Amino acid sequence: MFRQLYDRALGWARHRHAPRYLAAISVAESSFFPVPPDVMLAPMVLAQPQAAWRLAWLTTWTSVLGGLIGYGIGALAFTAIEPWLLASRYAAAYQQAVAWFGQWGVWAVFVAGFSPIPYKVFTIAAGALSMAVLPFTLASLVGRGARFFLVAALLRWGGARMEAQLRRHIDRVGWAIVALVVVGAVAYAVR
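Since the structure is predicted, the reported quantities are computational estimates derived from the model, not experimental observations.

Q: Summarise the overall build of the protein; cite the residues concerned and give the values.
A: The secondary structure content of the protein amounts to 8 helices and 0 strands. Seen in sequence order, the protein has helices and strands lined up from the N terminus as α-α-α-α-α-α-α-α. Out of the 191 residues in the protein, the part that is buried amounts to 41%. For the protein, long-range pairs separated by at least 24 residues make up 77% of all intrachain contacts whose partners lie at least 6 apart in sequence.

In C-alpha cells:
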C-alpha cells in the first residue's frame, strides 16, 4: 500500500509543475496548511538530485513568505481567529509558542523553523505578539533554511542508495508512522 503511494509521490515529484506545487505548499504550510513541505521536497530531491540546492532555496524562501503571511494573520486578524485557534488542536502549541516567546524571544522562531513543531502557530503568535518583523524574518530564514537544506543534503548524499533502502522498507516505515499517529491520538484523547 505505502509503496504505491511512494511511487506516485516520486512521479509527482518529476512533474514539470512540481516546483510550483512545492512553493505553494511551502507558503501555505507556514501560515495555515497542516502538511509540511518536506513531504514534497524529499521525493523531488530523490527524483532530481542535481536540483537539490535550488529546491531547498525555493522551499526556504516560499516558507519564509508564508511565515510573513502567518505573521500578518496574527497581527491583523488574531481577534477573528482566536476562538477557532483556542478550540483547535493547535491550542496547546499556541500557548507553548507564547510561553517560548516570553522566555526566548526571537530564538523561538528559529527553533520552530527548524523543528517539526507547527511553524504556522509560531508565525501567527509572532504577529499577535507584535514581534519585530526583521528579526522574525531573519530567524525564519535561518531556521527554515537549515531544515530544508539538511533534508536536501541528506537525500542528495544518500541518492539512489537511500532511495533503494527507502523503497525496500517503505511499508514498514508507513505502518510505523500510522502506529505513532494512533498512539499520539490516544495519548492526546486520554489527557
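Next, the rest of the story.
Q: Account for the environment of proline 34, naming residues and giving values.
A: Along the chain, proline 34 falls in the loop between helix H2 (18-29) and helix H3 (38-47). Its relative accessible area of 45% is what places proline 34 among the partly exposed residues. The residues touching proline 34, leaving out its near neighbours within four places in the chain, are Arg89, Tyr90 and Lys120.

Q: Provide a residue-level description of helix H4 (residues 52-87), including the pertinent values.
A: When the terminal C-alpha atoms of H4 are compared, their 39 Å separation across 36 residues is substantially less than the 52 Å that a helix rising 1.5 Å per residue should span. Along H4, the largest kink reaches about 95° and is centred on phenylalanine 78.

Rules used throughout
- Residues numbered from 1 in each chain as written.
- Predicted model: local features only at pLDDT ≥ 70, side-chain atom pairs only at ≥ 80, totals over all residues.
- Heavy atoms only, no water.
- Helix = DSSP H or I, 4+ residues; strand = E, 2+ residues; numbered from the N terminus.
- Buried < 20%, exposed > 50% of the residue type's maximum accessible area, 1.4 Å probe, protein only.
- Contact = heavy atoms within 4.5 Å.
- Expected span 1.5 Å × (residues − 1).
- Bend = angle between axes of the 7 residues up to and from the residue.

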